[in-house]
Amino acid sequence: MAKYIFITGGVISSLGKGIASASIGKILESRGIKVTLMKLDPYINVDPGTMNPYQHGEVYVTEDGAETDLDLGHYERFTNAEMTKFNNATTGQVYNAVISRERRGDYLGKTIQVIPHITNEIKDRIKKVASVSLAQVVIIEIGGTVGDIESLPFLEAARQFRLDMGYENVLYIHLTLVPYIKVAGEIKTKPTQHSVGTLREIGIQPDVLICRTEKSLSDEVKEKISLFCNIKKEAVIEAKDVDSIYEIPLVFKGQGLDKILLRHFKITCNVFDLKEWKKNVVDRALNPKHKVKIAFVGKYIGLQDAYKSVYEALIHSGIANDSKVEIKRVDSEEIEKFGPQEFLKDVSGVLVPGGFGYRGIEGKIAAIRYARENDIPFLGLCLGMQCAIIEFSRNACGLKNANSTEFNKKAPYPVISLLEEQKKIKDMGGTMRLGSCVCKVKKGTKARALYKKGLVYERHRHRYEFNNKYKKLLEKKGMAFSGIYPKNNLVEIVELKNHTFFIAVQFHPEFKSKPDKAHPLFEGFIRAALKIRN
Ligand code: GLN
């Protein structure tokens, strides 16, 4: 039978609950345990697929094509668990399922209520994840902050879980903030006491407390927290700010968190292995030998979370190349105003990520032109590839005003357009080309040299595709179509023959990059950038 860990957050949001959950997964894996993780999101959207990045941050796409919370990205980067559509449940999904059943008449005349119908649905979803994954330990992160109205059904389901499954099979971890008040020169435990108090009112007594803090917690402070929160002192774990998120598993393990969890679950195991992680990820991330500056040309650059996986993938390829990747965030609308030279003259690589809508597009196109004409390494992702094709069509192939029909329905040269099947679609949610597709990588291309194999699987999230009508012309002018989705003959990877490094892809390689296994395209991009820097 699986064991379950529930992770809640208190005091404030953005404490890094996702990273803490992923790190707990990592330390359990390091003890030889098979884990999986799950995120429960309190919002009413069925999934984040239709949400603006300013509202939600990145939408993370799983192999099976679910549009999910970005925390699932942390789970996959830190652990070997493979995320599926089951690993993220929202209030919207839960109610949707219950209401559909009610309409079908499945409840046989009963009154449908939050308890037990909604909470049962939540618990069933958690058990489903356990059975599908065959994990020994399922880690469930509950979104939001304790005290919010909307996460109450999830917390109630978590409370019931221990009653259903048995005390020793369920464990509660609460992540809080222990602020340091500068003027008083003191660390304050009161917010944590209140937050644990609120949890207890709901019926959950946490077993472990993880305290985010900028200063170390003294023994005295830990004792105080222990006493007021009714938690063993050894289970008050300090989570001081770190330079690299990949250090966090080491921080937890250093305080014996793995032992506390295993003891509670009565799991005995002797495996103990975080050495490789320390050597190959953490040490390299903290002490890079080289440095390289990359321009990241997007439109949500003010927001830390909007391109989470892309930033992480750049960090991973820095680790692989023993270098720090300095990311210069450039707002593509600024390029529209002031031109690319101003922003790109001091960088060794240009990356254009995915996105939607016309705003900022011309700036991205100008940045790509600058990278192409000045032989600066370029990597384009999804919309980044579409922009690269528009740029090349306009400026190298003479197709004046070439465009994507996403931006100009009447474009004279619609080099990016909708497939027939997409034209019929009316519902916006969950109807893009989503999830993993096979891509055939052509021999003799740069992409093939990087991947070192002929068939690769990459994840998608887009509606528009390259219009094959223009393939011959673009090829004649020096663009190579190096990756194809064989089933529908769709273009997946393009590159330029006479360029140091110019690769753009219709998929999202960033979702498959790991700290100890950088994605080959990102790794090659950073290697090329380091070369021109030298
Ligand atoms: N807007 C483009 C499309 O729908 C690109 C999407 C993306 O970059 N994820 O095809």
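Preceding block: the structure.
Residues numbered from 1 in each chain as written. Predicted model: local features only at pLDDT ≥ 70, side-chain atom pairs only at ≥ 80, totals over all residues. Heavy atoms only, no water.

Explanation requested: the pairing of strand β7 (residues 170-177) in the structure shown.
Here is the key point about a regular strand: its side chains alternate between the two faces of the sheet. In terms of burial, β7 is a largely internal element, 7 of the 8 residues being buried. Pairing between strand β1 (residues 3-9) and β7: 6 bridges, direction parallel. Across the sheet, the residue bridging to Ile5 is Leu171, located in β7. Here β7 runs beside strand β10 (residues 208-213); their pairing, made up of 5 bridges, is parallel. Bridge pairing in β10 places Ile173 opposite Val208. (Buried < 20%, exposed > 50% of the residue type's maximum accessible area, 1.4 Å probe, protein only. Helix = DSSP H or I, 4+ residues; strand = E, 2+ residues; numbered from the N terminus. Pairing = 2+ DSSP bridges.)

Any chance you could explain the layout of surface pockets here in plain terms?
Any empty space left between the atoms is revealed when a probe the size of a water molecule rolls over them. Of the voids in this model, the second largest pocket is the one considered here, and its volume is about 770 Å³. Along the wall of the second largest pocket there are 35 residues; nearest its centre are Gly49, Gly355, Phe356, Met432 and Arg461. Broken down by secondary-structure element, the contributors of at least two residues to the lining of the second largest pocket are α16 (383-395), α17 (420-423) and β19 (455-462). (1 Å grid on protein atoms, 1.4 Å probe; cavity = no way out; pocket = protein on both sides within 12 Å on 5 of 7 lines; lining within 4 Å. Points joined across faces, edges and corners; volume = space filled by probe spheres on them.)

So what exactly am I meant to see when it comes to the sheet that holds strand β12 (residues 290-298) here?
To summarise the sheet geometry, strands pair through backbone hydrogen bonds and adopt either a parallel or an antiparallel arrangement. Strands sit in the order β13-β12-β14-β15-β23-β22-β21-β18-β19 across an open sheet of 9 strands; the sheet is mixed. Here the strands that pair on one side only, and so sit at the sheet edges, are β13 (323-331) and β19. Between one strand axis and the next, the sheet turns by 25° as a mean value, whatever way the strands run. Its contacts with the sheet place helix α12 (residues 308-320) against β12, β13, β14 (349-352) and β15 (378-381), and it is angled at close to 150° to β13. Its contacts with the sheet place helix α20 (residues 520-533) against β12, β13, β14, β15 and β23 (502-505), and it is angled at close to 115° to β12. (Axes fitted to C-alpha atoms, helices over the stretch in contact; angles between N-to-C directions. Contact = heavy atoms within 4.5 Å.)

Just to check I follow, could you spell out the pattern of salt bridges for this structure?
Once their charged atoms are close, side chains differing in charge can pair, the charge on each being opposite to the other. Tallied over the entire structure, the rule returns 37 salt bridges. Residue Asp124 pairs with Lys127 through a salt bridge whose shortest N-O separation is 4.0 Å. Pair noted here: Asp124 and Lys127 are both in helix α5 (residues 114-133), with a separation of 3 residues, about one helical turn. Overall, Asp124 belongs to the partly exposed group, its relative accessible area being 42%. Across the salt bridge formed by Asp241 and Arg212, the nearest N and O atoms sit 3.0 Å from each other. With Asp241 in the loop between β11 (236-240) and α9 (248-254) and Arg212 in strand β10, this residue pair connects regions lying 29 residues apart in the sequence. Ionic contacts of the salt-bridge type, sharing partners, join the residues Lys39, Asp41, Asp69, Asp71 and Glu141 into one network. (Salt bridge = Lys/Arg side-chain N within 4 Å of Asp/Glu carboxyl O.)

What am I meant to see in the side chain of Asn467 here?
Residue placement: Asn467 occurs in the loop between β20 (464-466) and α19 (471-476). Judged by relative accessible area, Asn467 falls into the buried class, the value being 16%. Apart from the residues lying within four places of it in its own chain, the contact partners of Asn467 are Pro414, Val415, Ile416 and Ser417.

What is the right way to look at the sheet that holds strand β6 (residues 137-142) in this model?
The 7 strands are arranged β5-β2-β6-β1-β7-β10-β11 in an open sheet whose pairing can be described as parallel. Lying at the two open borders of the sheet, with one neighbouring strand each, are β5 (88-90) and β11. Within this sheet the neighbouring strands show an average axis-to-axis angle of 20°, counted without direction. Sheet strands touched by helix α1 (residues 17-29): β1, β2 (35-41), β6, β7 and β10. Its angle to β6, the strand with the most contacts, is close to 170°. Contacts from helix α10 (residues 257-265) reach β1, β6, β7, β10 and β11 within the one sheet, and its direction differs from that of β7 by about 150°.

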